[in-house]
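Topology and contacts: notes
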Amino acid sequence: MEETLNKILIRGLEASACHGVHDEEKKEPQTFIFDADLYADFSAAAKSDDIEGTVNYSKACDILVKTATENSFNLIETLAYSGVYALFAELNLKKVTLTVYKPQAPVKHKFGTVGVSVTVEKERVYLSLGSSVGDKKKYLDIAVKALRQTRGIEVTKVSAYRETEPYGGVAKNTFLNCAAEIETLLTPHELLKEIHRIEADCDRKRTVRWGDRTLDIDIIFFGRKTVESDELQIPHPEYLKRGFVLLPLKEIAPEFVCPDCHKKVKDLQI
């Protein structure tokens, strides 16, 4: 069942700060105005009348003002994303839409205001990791550590490492595999970009498809989302055929319902 999300609204929050590409904007503070939609499940708090069960909008305002006043950015786009990430770091949120207005922007025309609006949603994602070259455990350890250190990613579970036979008829070496559960603020393609960076840092060579490699990280599920593009398919099109994917997933996510076959992971068979 999908989690119920409610919304807390913040409108017209003002902060005096220095953001802009021009030298004078970096020296002379001007007004920035924030509108925020904070999505969370506070239905229980509404019944208990306990502030601990909801999102403290006063704290949210403090976070946004602090982000604006303690930093200096060229772009309000950067300010907006920094505000969103700061909110997620300190509050129990599922989704944020943040709009930043700059009513004193240096525009040579009569205008009311200019601004940007960004929406970021936290998603639970399942990854499959494998290595068949060199110190396999070391490469998996490095990958998990790199994921933990990536902005917008929190590693919440990692399965046991399992030795498996190669799949696909190309690779010759045995693999060491695991699965990881993460929560991420990245989009699917942003996450893929970070995965490719981590693989490259581990000397991954993309020469032979399904060949032996130092590190391979696949996105199996991205919440309930489906993605169909030339470079990315979610759910992963091969996951139902791969025991080295399903067994680790059954360990860390037995109750997760696959968005395409609508079965729990624990009930899936190869």
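Our structure is the block above this text.
Now for a quick tour of the structure. None of these values were measured; they are calculated from a predicted model.

Things to note about the side chain of Arg213
- One can find Arg213 in the loop between helix H6 (188-201) and strand E9 (216-222).
- Judged by relative accessible area, which is 13%, Arg213 ranks as buried.
- Dropping the residues within four chain positions of it, Arg213 is found in contact with Ser131, Ser132, Val133, Phe175 and Arg204.

A short note on unusual backbone geometry
- The step from Ile234 to Pro235 runs through a cis peptide bond, and the omega angle for that step is -5°.
- As for its position among the elements, Pro235 is in the loop between strand E11 (233-234) and helix H7 (243-252).
- Within the chain, Asp49 stands out as a residue other than glycine whose phi angle is a positive 60°.
- Turning to its location among the elements, Asp49 is positioned in the loop between helix H2 (43-48) and helix H3 (57-69).
- Even without a glycine there, the phi angle at His262 is positive, about 60°.
- With respect to the secondary-structure elements, His262 resides in the segment after H7.

What about the environment of Ala45?
- Following the sequence through the fold, Ala45 ends up in helix H2.
- With 132 residues separating them in the primary sequence, Ala45 and Asn177 have C-alpha atoms 41 Å apart.
- Aside from chain neighbours lying at most four places away, what touches Ala45 is Asp50, Gly53 and Thr54.

Examining the pairing of strand E4 (residues 115-121)
- Going residue by residue along E4, you find Val116, Val118 and Val120 tucked away on one face and Gly115, Ser117, Thr119 and Glu121 left uncovered on the opposite face.
- Two elements, strand E3 (residues 95-101) and E4, share 7 bridges in a ladder whose sense is antiparallel. The residue bridging Val100 from the neighbouring strand is Val116, located in E4.

Focus: helix H4 (residues 76-90)
- Here H4 is 15 residues long and its end C-alpha atoms lie 21 Å apart, about the 21 Å a rise of 1.5 Å per residue gives.
- All of the buried residues in H4 are Ile76, Leu79, Ala80, Ser82, Gly83, Val84, Tyr85, Ala86, Leu87 and Phe88.

What about the sheet that holds strand E1 (residues 6-17)?
- The strand order E1-E2-E3-E4 describes an open sheet built from 4 strands, whose pairing is antiparallel. Of all strands in the sheet, those with a lone pairing partner are E1 and E4, marking the two edges. With strand direction ignored, the average angle separating the axes of adjacent strands in the sheet is 15°.
- With 7 bridges connecting them, strand E2 (residues 30-40) and E3 associate as antiparallel partners. Along E3, the bridge assignment pairs Ala36 with Leu98.
- Across the face of the sheet, H3 comes into contact with E1, E2 and E3 while running at roughly 35° to E1.

Structural notes on the pairing of strand E5 (residues 123-131)
- Where burial is concerned, most of E5 is hidden: 8 out of the 9 residues are buried.
- Direction of pairing for E5 relative to strand E8 (residues 175-184): antiparallel, over a ladder of 9 bridges. Of the residues in E8, the one forming a bridge with Val125 is Ile182.
- Direction of pairing for E5 relative to E9: antiparallel, over a ladder of 6 bridges. Residue pairing for E9: Ser128 is matched across the bridge by Asp218.

Quick look at the nonpolar core
- Within the largest apolar cluster, 62 residues are counted, with the highest numbers of intra-cluster contacts made by Phe34, Leu38, Leu127, Leu129, Leu191 and Ile219.
- With 8 residues, H4 is the largest single contributor of residues to this core.
- Not counting the four nearest positions on each side in its chain, Leu129 is found in contact with Leu140, Ala143, Val144, Leu147, Leu176, Asn177, Cys178, Ala179, Ala180, Asp216 and Ile217.
- Tyr126, Ile220, Leu249 and Cys258 belong to the second largest nonpolar core, which has 15 residues in total.

Basis of the calculations
- The numbers attached to residues start from 1 for each chain and follow its sequence in the written order.
- Totals for whole chains, interfaces and linings use all residues, but because this is a predicted model, local features are given only for residues with pLDDT of at least 70 and pairs of side-chain atoms are given and counted only at 80 or more.
- Side-chain measures here rest on the full set of heavy atoms in the structure, leaving out hydrogens and waters.
- Only DSSP runs of H or I reaching four residues or more are called helices, and only runs of E reaching two or more are called strands; each is numbered from the N terminus.
- Burial classification: accessible surface area is computed with a 1.4 Å probe over protein chains only, and a residue below 20% of its type maximum counts as buried, one above 50% as exposed, and the rest as partly exposed.
- We call two residues contacting when some pair of their heavy atoms lies within 4.5 Å.
- DSSP bridges decide pairing: two strands pair if at least two such bridges lie between them.
- Working rule for helices: expected span equals 1.5 Å times residues minus one.
- Lines fitted to the C-alpha atoms define the axes, with helices restricted to the stretch that makes contact. Angles between their N-to-C directions range from 0 to 180 degrees.
- Only buried residues count toward a nonpolar core, which is a set of Ala, Val, Leu, Ile, Met, Phe, Trp, Tyr and Cys residues joined through side-chain atoms within 4.5 Å.

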